[in-house]
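Per-entry structural report
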Amino acid sequence: MNSFEKAVSELDKVGYLKLKPEVSDYAEAIQKLKKEKNAVILGHYYQEAAIQEISDFLGDSLYLANMAATTDADIIVFAGVHFMAETAKILNPEKKVLLPDLNAGCSLADSCQPNDFKKFLEEHPDHYVISYINCSAEIKALSDIICTSSNALKIIQSVPEDRPIIFAPDRNLGAYLQKVTGREMLLWDGVCKVHEAFSIEKILNLVKLHPDARIIAHPESEPHLLKMASFVGSTTALLKHVQTDSHHKYIVATEAGILHEMRKNAPQKKIIAAPIDQNNTCACSECEYMKMNTMEKLYLCMKYELPEIILPEDLMQKALAPIQRMLAIK
Ligand code: 13P
Ligand code: SF4
């Protein structure tokens, strides 16, 4: 039984769903549990607005990893996806780390499986391995250093010029970084389906309607979209850009959850979500994994302290060093 199956069976044992209490105000109940249990909620910008609002620390994956590394709370509740909660657990092996829905995975992390990656690395033994934080603990354990979209540039610059680099798992971010740094890297062929979903045709139609809008994009997006963007940056960089740039209207190509914080930070600006290539009612790109977490699941997970992230000791030890190397680079 792997750790995921174990946690699911633990949930079954306590009758997780049957024990659902009547709660009229989840926000109030969650605040109460936070105090009672000395718990901290780390929330990602892609979470639904109510979860962002109740998070003690709201941020991108780098900020949240830093918060996980320094918190003195007894319980870390990760309102994000599995690889983020895993990183928090690796940094805090003695603490309880909870994720409201264990199925909150990541298409990008799934696109890099440990056995395939191991074989790939064996074919290139002289390469320095940089893995984007959006990967499993097993991939982190096989890497020399971890990066996020916020610090990738610095991490690449920290590698001696004559050392060849493998960059995994996001090929779009990797290609973008090659362009910016001028450094050749061997790229793993993985993608995030949320950032690959944007429709150039629909974006162009939107530009016709809003000729005064500027396109800004997350570097996980496809190269042709990045070419159209006036600014490319990580979640935090996009937020800062909208806040500090003098322009007034933006089409934002990243997960739509970020629009909540963007509009709060820059209420005077017009912010439009970039549309996706699908005929559905919500035309923006949402991460189905991030949106698996709900206020109800957050409450239940804090009440029953389940599902918990459980990882083998030796895996945590191997994955810790590359994460620490990243956090040491300021
Ligand atoms: P950040 O590193 O900007 O938080 O992005 C995380 C992510 O999942 C992007 O798709
Ligand atoms: Fe993974 Fe993409 Fe969702 Fe980020 S937005 S968690 S990379 S699937």
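Everything below is about the structure shown above.
Residues numbered from 1 in each chain as written. Chains lettered and ligands numbered in written order. Predicted model: local features only at pLDDT ≥ 70, side-chain atom pairs only at ≥ 80, totals over all residues. Heavy atoms only, no water.

**Things to note about the overall build of the chain**
Heads up, the condition is: Going along the chain from the N terminus, every DSSP run of H or I of four or more residues is numbered as a helix, and every run of E of two or more is numbered as a strand. The globule rule used for comparison is 2.2 Å times the number of residues to the exponent 0.38, while the radius of gyration itself is calculated over C-alpha atoms. The protein chains shown are the only cover counted for residues, whose accessible areas, like all others here, come from Shrake-Rupley with a 1.4 Å probe. Positive charge is attributed to Lys and Arg, negative charge to Asp and Glu, and no charge count is given to His or to the chain ends. In this description, the location of a charge corresponds to atom NZ of lysine, CZ of arginine, CG of aspartate or CD of glutamate.
Broken down by element type, the chain carries 16 helices and twelve strands. For 330 residues, the compact-globule formula gives about 20 Å, and the C-alpha radius of gyration of the chain, at 20 Å, lands near that figure. Carbon together with sulfur atoms contributes 51% to the accessible area of the chain, which is approximately 14,900 Å² in total. Looking at the chain, you have 36 positive and 44 negative side-chain charges, and the mean spots of the two groups are 4 Å apart.

**Details of the sheet that holds strand β3 (residues 75-79)**
Selection criterion: Whether two strands pair depends on DSSP finding at least two bridges between them. Angles here are taken between N-to-C directions and fall from 0 to 180 degrees, while the axes themselves are lines fitted to C-alpha atoms, restricted in helices to the stretch in contact.
A sheet is described by the order of its strands in space; here four strands give the open sequence β2-β1-β3-β4, paired in parallel fashion. Here the strands that pair on one side only, and so sit at the sheet edges, are β2 (57-59) and β4 (96-98). Neighbour to neighbour, the strand axes of the sheet diverge by 20° on average, direction disregarded. In the sheet, strand β1 (residues 39-44) pairs with β3 via five bridges, with the strands oriented parallel.

**Section: the pairing of β3**
So the rule is basically this: To sort residues, take the accessible area from a 1.4 Å probe on protein chains only and compare it with the maximum for the residue type: under 20% means buried, over 50% means exposed, and anything in between is partly exposed. Here a crossover is taken to be right-handed if, once the strands point away from the viewer, the path from the first strand over the helix to the second is traced clockwise.
With respect to burial, β3 is a largely interior element, five of its five residues being buried. Bridge analysis of β3 against β4 gives three bridges, and the strand direction is parallel. By the bridge assignment for β4, Ile76 is matched with Val97. Crossover β3 to β4 through helix α5 (residues 82-91) is right-handed.

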